[in-house]
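# A look at the structure
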Amino acid sequence: MEVGSPDLDSLDGLDLTSESGSDFEAQPSNSKRRKQALNPPLPPKRPRRAAALRLTLSPGSSPISPPPGPSLQQQPNQGSGSQDSPTPAESLGNGSPGISAKDIYDAVCSGKSAIVTVVEEWLDGYKQSREAGLLVLINFIVQSCGCKGVVTREMFETMQNADIIGNLTKEFNEDSVNYPLSTPGPQMKRFKASLCEFFRVLVRSCRNSLIYDEYLFPSLLALLTGLSDSQVRAFRHTSTLLAMKLMTEMVEVSVTVSVQLQTTQRRADMENSKRPHERSTDRLEDLRAAFSQLQENRQDLSSMVNGILRGVFVHRYRDRVPEIRSVCIEGLGLWVKTNPEDFLNDGCLKYFGWTLHDKQSPVRLQCVRALQGLYQEKEFIGRLELFTSRFKERILAMVLDKDPDVAVEVVNLLMTIDQTTDEGLNEEECHQIFPLIYALHRGLASTAGAFVYNKLKDMTGPGDNGDEWSNNAAFLQILVTFFIESQFHDHGAYLVDSLWAVAGSELRDWGTMTDVLLQDTGLTYDEEGVLLEIMMCAMRQASQATPPTGRAPGKKMLSMKDKKIQEQDRSRITTHFIPILPQLLAKYSADGGKVSLLLKAPLYFDLDMYSSIQRFDKHLDLLLSEICDIMKKHTDGIVLQAGARLVSSLCSERYTFSSRANQAFSQLFDDLTDCFNTYFDDLLQGAADDDEVYMAAIALKRIAVLSSAKDLNDWNLFDSCLKLLKSRTDSLEIHTELIVSALKFAAFHLMWAKVNAVNSQPSKADLKRLMKAVGSFCRLSQICLSMEEAEVRDEAFELLCDLLLLYSVSSVSTDPALQALVHLPADSLRSELAAFVLDNVFAETEEAEWTDEHEVKMKITLLQRRRNQLAGYCKLVMFGVLDLSAATTVFKHYSKFFKDYGDIIKETLSRSKLINPVLSAKTLCLTLQQLFSEMLTEDRSHQDPTEIRELAKKFAMSFGIDLHRVRKPIVALHMDSIRFAFRRSAEGEEGEEQHPYVPFLEILSEFSFKLLQQDRVVLAGFMKSECPAAALSCPAVRLYRASLESRSSAKPREPETGGDALSSIHTPVSKRKKTAAQGSADSIIRWPGLETSSVHSQLHTPRLTSTILKQPAKQPNKQRNKQPNKPPNKQPKKQPASSKQVAREADTGTSLTGLESEDEFSSAPLSRKVKPAKRNRLSTTQTTTPEEMEDLDSELNMLSLIEEDFSEGDKENVSGGDEPEIEDYESDSDTGYTLPSTRHTSATFLDELFDS
């Protein structure tokens, strides 16, 4: 044979363009294979016939037929081959050597066995009898699918693939929809890894022999191709995984063969180029023979690879099961990376582009990860240019993916594209990624931080001298510019947290930061402020290691190594900043914003070092002096509050230098008190001018802020503040700053007094005097609630809520000796508090376009303050300061203000049920009664109870699904409502006007579905006794009576005249369930509020319980059981013969009845799904006979095997579309990533609001 120069860089016969049909044709070479002299035990290979092999590889109709046995002429040469090989049953059961399918399955499941040993044992058995060995392997695959059926020797020899798979499908009657690959938990991962490892070792063990025997792998691939086209999900999933794994290994073998081909051809060319007398003819013949053999092997591999592509991958990459699609796209990524010469082309890359639009996030995630592997190879970049230009826009859009894990990988992919491609990403494309560093998802923010860090480092370049100080200074300067241009100036903590993993060394360079601030380096005023903010955030991150608000920590608990690093960072911060901080405070002492940041620095120090290291002693005096000067100089509340927190820390008794701090700050308090007392008499007499009032107000403001951090009772300013408040309220000369400061100081004084009383044993006279002071303050604050100045009203309300809670009954319940410290609000004060909530918290504001940034901040601040006020009022209700009935003021606005306060109201409602369930239900009833009474006062043309009914629906849903637990509260609610409905009018009109509240029964009917049957009967009798004769004909009465009778409609009523009543036991199950469903139609509730995923206030809201989410999944099966002989809505024309066949066909049908897809489930109201499922389950349990239940369980078991969660896009694919219609996915910028909320300051805001 003469050696030619064939194309060695591509697989012969590899067809990636054709996608039509599910069968594939392998076209091996017709030339004979050179026999191997070293393999005498193997049986002779059958002649290669393309038609026979095509039949063998056909997934739908080809039998798994054994090859023809040795001829009579060949038997003497085979030795033991003349004996009949044992059947699989014999090899498994008669004690003959060999491994069984169960042994292989147990070894794979355990994950502890040596897979190589298992494969070798199976190969030994296969070499003895390849038919029996293949049958063992087939049964192992069937068992791995979770099927209990067995392929017998008779089935193996006489039946075709389609018939074998059909029989296995009929025997696939499992108790659960789970199969080995879908089993939750680590067991599934272990089984999947072991299963893939088994076939990987199998292919590698056969790569030089059995892979080319034209029997084992063609037959195995034919079975897997047929199983991958099955209606049963377990078959499709398992067979697709194995087919993709086999192809991956075959591609690796093909690459090895290609390398061997090139080596052999090179050797042959070298030998042929020698002189004739130096050329070895035998060696040249051997090389040519080896080359021909390798070409033949490569052609066989090409045929099998092409068969898997066209028979499995092309159809399963768009399977309706996301796990199957993920397996396919993962395999494609490995093939392209392993053999780029054959797979790195547009024919394969198009599948990645299509899968980027998949609706399921796991598939998109796997696709992006596969692309990462391709872009990491620099030699692939040139061949990826067309794909990059075509799909870069889609990849950029996916940074806002609703699944944060996908977005993380997309950012990593874009980072790789930017670093490896020549074009990279332009400025506009980078700006789509930059805002992600402020995302709440920590992983996404950190990945975006790495992207930003790389871009900033590229922009800075090396420093002038290449030293670390210059490089870090340049980086910090460009980081400051980036932060300013990002326009998220309040989110420095998020920026630092995102960059901490990659830029930790630069952000920990405290020396460079302080040098840049203290020296004249050309920074502007704004840049200095930003650098200070970044420095303070970095100090907080290093010393506390706590993420900013809204971001979950990467680790729940720090390791010992992390704690050691944190202690080292804290020590370095303290050592560096103790001498530097007074200098910074002195430089920026006139700038309130910068000073407020610098005053936070000592909170991150190891303050014990002030006393433990002698050289730091003088710096403490400098710090105390600077703090006192700042407190005297500034009037901004932010600066004063930061100073007060620092004063509280430095005066703590845990530090040995606290006496020095107390002495320094006592002098500050004396100076402020003297300043206030200087103008006090003139203020009381009204003789003070504006300047004097301002000076007194500023001094009192500083004192009030400091009193929040330190007890100032020794300065005796409480009586002066009360006198000032009384004088100003009486004369109506209101100076807002003065009144607010006086209220704050008086309230903090009473709070410190309560703390001192609890920690000591005051006399009765002292307690009496304290309670008198509390009463005086409450009366003055009550007057302030009605003032026109909004700031005074807000401050008085908030202080009253805190003080009443501190002096409530629940605060002294653990110590009976402190019962004298209880102050209950007067009725007039209760009314004022409720009126304040109505007029200020639930005040309607105009929905205008907020374009100005300042206006937006003001609106957010106002909303935050209103939420705090509402939470304060709700706490008074929860802790018993106000009666539970006072919550009606809040509950009646549940629907209207759900957007702003829904989470707070829901939490209040939930906690009220824990306090007193019956009283809570009566409070809800009272809320609806008040709304109904208010509606009756309006003009008849404007009376519309629709909103009240919607509110009643939401209240009804809040009782949950455990009807026995809420039995008493629901009955109490109904009885109170019935009494209210039949109450006579006060005016005493005649006729229907005599009972104007009867229409309230329509609203009450919304709660009827929460009643038990026995309670319905009782309430029906109660209504009959309460209802006057004149109201019996009212539509509302009939509607309410029907709602009470709806649940019992499944039971036939007793006839009024003769005849025996039919027992419900003899009623067919399907009819009883249908009747019950129809009878309960009036009580089906739709709650539009549940369709909103979260409260718009960015606060965490309670999730739905697992019971609500899981129950609707059973509805499709129950709906089928009602009519077991009817097929789904859209079925093939041929009528199925049995319910099992219906179940199998439903898996690949074009439509299913009921709610069967995830999308349909999430789009429909949750409440509509829960109750019918609950009623049907109760009806079946109560009325179905054991025989019927057995049949029902059988039907459910079969139906549970069928795939039920496919979408409309998948149905169209099944119906015969040629184009690969992957489900569309729409990126949602609103849910892709969430910026930190500026509305509140804590992720656990609800807990803080309601914790006492």
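Residues numbered from 1 in each chain as written. Predicted model: local features only at pLDDT ≥ 70, side-chain atom pairs only at ≥ 80, totals over all residues. Heavy atoms only, no water.

Along the chain, the regular secondary structure elements total 55 helices and zero strands. Here the chain holds 1252 residues, and 50% of them are scored as buried. Within the chain, residue pairs in contact and separated by at least 24 positions form 76% of the contacts whose partners lie at least 6 positions apart. Carbon and sulfur atoms make up 49% of the accessible area of the chain, which totals about 59,300 Å². (Helix = DSSP H or I, 4+ residues; strand = E, 2+ residues; numbered from the N terminus. Buried < 20%, exposed > 50% of the residue type's maximum accessible area, 1.4 Å probe, protein only. Contact = heavy atoms within 4.5 Å. Areas by Shrake-Rupley, 256 points an atom, 1.4 Å probe, with all protein chains shown as cover.)

Under the counting rule described, the total for this entry stands at 42 salt bridges. The closest approach of N and O atoms between glutamate 429 and lysine 392, which form a salt bridge, is 3.8 Å. With a gap of 37 residues between them, glutamate 429 in helix α18 (residues 427–431) and lysine 392 in helix α16 (residues 385–397) connect regions that are remote in the sequence. A relative accessible area of 14% means that glutamate 429 is categorised as buried. Take lysine 392: its relative accessible area is 15%, and that puts it in the buried class. With its nearest N and O atoms 2.3 Å apart, the salt bridge here joins aspartate 766 to arginine 769. Here aspartate 766 pairs with arginine 769, and both are found in helix α34 (residues 764–784), just three residues apart, close to one helical turn. In this structure, a network of salt bridges that share partners links the residues Arg204, Lys245, Glu249 and Glu252. (Salt bridge = Lys/Arg side-chain N within 4 Å of Asp/Glu carboxyl O.)

Okay, the confidence of the model for the chain next. Interpreting fine coordinate detail is not advised for predicted regions of low pLDDT. With 73% of its residues at a pLDDT of 70 or more, the chain shows a mean pLDDT of 77. pLDDT under 50 marks residues 1–97. Its contacts with residues more than four places away, or in other chains, come to 173 contacts. Within the model, pLDDT remains below 50 along residues 1048–1250, and this stretch shows 323 contacts once partners closer than five positions in the same chain are excluded. (pLDDT = per-residue confidence, 0-100.)

Taken as a whole and assessed by the stated rule, the structure comprises zero disulfides. As a non-bridged cysteine, cysteine 1034 has cysteine 1027 as the owner of its nearest cysteine sulfur, 7.3 Å distant. Residue classification places cysteine 1034 among the buried positions, given a relative accessible area of 13%. (Disulfide = S-S within 2.5 Å.)

Our focus in this paragraph is the packing of helix α35 (residues 790–806) against helix α37 (residues 853–878). Interhelical geometry of α35 versus α37 gives an angle of 30 degrees and a closest axis separation of 9 Å. Regarding α35 and α37, the two cross each other, and that crossing is left-handed. Between α35, through Glu791, Asp794, Glu795, Phe797, Glu798, Cys801, Leu804 and Leu805, and α37, the contact on the second element is made entirely by Arg865, Gln869, Gly872, Tyr873, Lys875 and Leu876. Here the contact of α35 with α37 is built from residues that sort into six nonpolar, two polar and six charged. (Axes fitted to C-alpha atoms, helices over the stretch in contact; angles between N-to-C directions. Left-handed = near helix turned anticlockwise from the far one by under 90°. Nonpolar A, V, L, I, M, F, W, Y, C, P; charged D, E, K, R; others polar.)

Applying the stated rule across the entire model yields 34 aromatic pairs. Geometrically, the ring pair formed by phenylalanine 313 and tryptophan 335 is edge-to-face, given 5.6 Å between the ring centres and 65 degrees between the ring planes. With a gap of 22 residues between them, phenylalanine 313 in helix α11 (residues 281–316) and tryptophan 335 in helix α12 (residues 322–338) connect regions that are remote in the sequence. For the residue pair phenylalanine 313 and tryptophan 335, the accessibility class agrees, reading buried in each case. (Phe/Tyr/Trp six-rings, centres within 6.5 Å; stacked < 30°, edge-to-face > 60°.)

Counting residues in each nonpolar core, the largest one holds 329 residues, and the members touching the most others are Phe140, Phe199, Phe352 and Phe665. If you tally residues by element for this core, the top one is helix α10 (residues 233–273), at 13 residues. The residues contacting phenylalanine 352, other than those within four sequence positions of it, are Ile329, Leu332, Gly333, Val336, Cys367, Ala370, Leu371, Leu374 and Phe387. (Core = buried A, V, L, I, M, F, W, Y, C linked by side-chain atoms within 4.5 Å.)

The subject of this paragraph is the environment of arginine 369. Along the chain, arginine 369 turns up in helix α15 (residues 361–375). Along the primary structure arginine 369 and asparagine 412 are separated by 43 residues, whereas in three dimensions their C-alpha atoms are 9.1 Å apart.

Taken N-terminus to C-terminus, the directions of helix α28 (residues 617–633) and helix α29 (residues 637–650) make an angle of 145 degrees; their axes are 10 Å apart at the nearest point. Here the hand of the crossing between α28 and α29 comes out left-handed. Where α28 abuts α29, its residues Leu624, Ile627, Ile630 and Met631 lie against Val639, Leu640, Gly643, Ala644, Leu646, Val647 and Leu650. Residue classes in the contact of α28 with α29 are distributed as 10 nonpolar, one polar and no charged.

This part is about unusual backbone geometry. With a phi close to 60 degrees, glutamate 214 is a non-glycine residue in the positive phi region. Relative to the elements of secondary structure, glutamate 214 occurs in the loop between α8 (186–205) and α9 (216–228). For glutamate 214, a relative accessible area of 12% gives the class buried. Positive phi is not limited to glycine here, since asparagine 716 has a value of about 55 degrees. Counting through the fold element by element, asparagine 716 comes out in the loop between α31 (690–707) and α32 (718–731). Accessibility expressed as a relative area gives 62% for asparagine 716, which makes it exposed.

Bringing a negative patch on the surface into the picture now. A surface patch of negative charge is lined by Asp103, Glu120, Glu121 and Asp124. Checked against the element boundaries, glutamate 121 lands in helix α4 (residues 115–128). (Patch = residues over 30% accessible without salt bridge, like charges linked within 9 Å, V, L, I, M, F, W, Y side chains within 5 Å. Lys, Arg positive; Asp, Glu negative; His and termini not counted. Charge placed at Lys NZ, Arg CZ, Asp CG, Glu CD.)

The subject of this paragraph is helix α5 (residues 130–144). Compared with an ideal rise of 1.5 Å per residue, which puts 15 residues at 21 Å, α5 spans 21 Å between its outermost C-alpha atoms and is within 8% of the ideal. In terms of burial, α5 is largely enclosed, as 14 of its 15 residues are buried. One or two residues past the end of α5 sits glycine 146, with phi positive at roughly 90 degrees. (Expected span 1.5 Å × (residues − 1).)

Topologically, leucine 951 is positioned in helix α41 (residues 946–957). Considered as a pair, leucine 951 and isoleucine 1003 are 52 residues apart in the sequence and their alpha carbons are 9.2 Å apart. Discounting chain neighbours no more than four positions away, the residues touching leucine 951 are Phe891, Lys892, Tyr894, Ser895, Leu928 and Leu931.

On to the side chain of threonine 908. Summarising the element assignment, threonine 908 is placed in helix α39 (residues 898–915). Separated by 2.9 Å, the side chain of threonine 908 and the backbone oxygen of isoleucine 904 make a polar contact. (Polar contact = N/O pair within 3.5 Å; in protein donor to acceptor, adjacent residues only side chain to side chain.)

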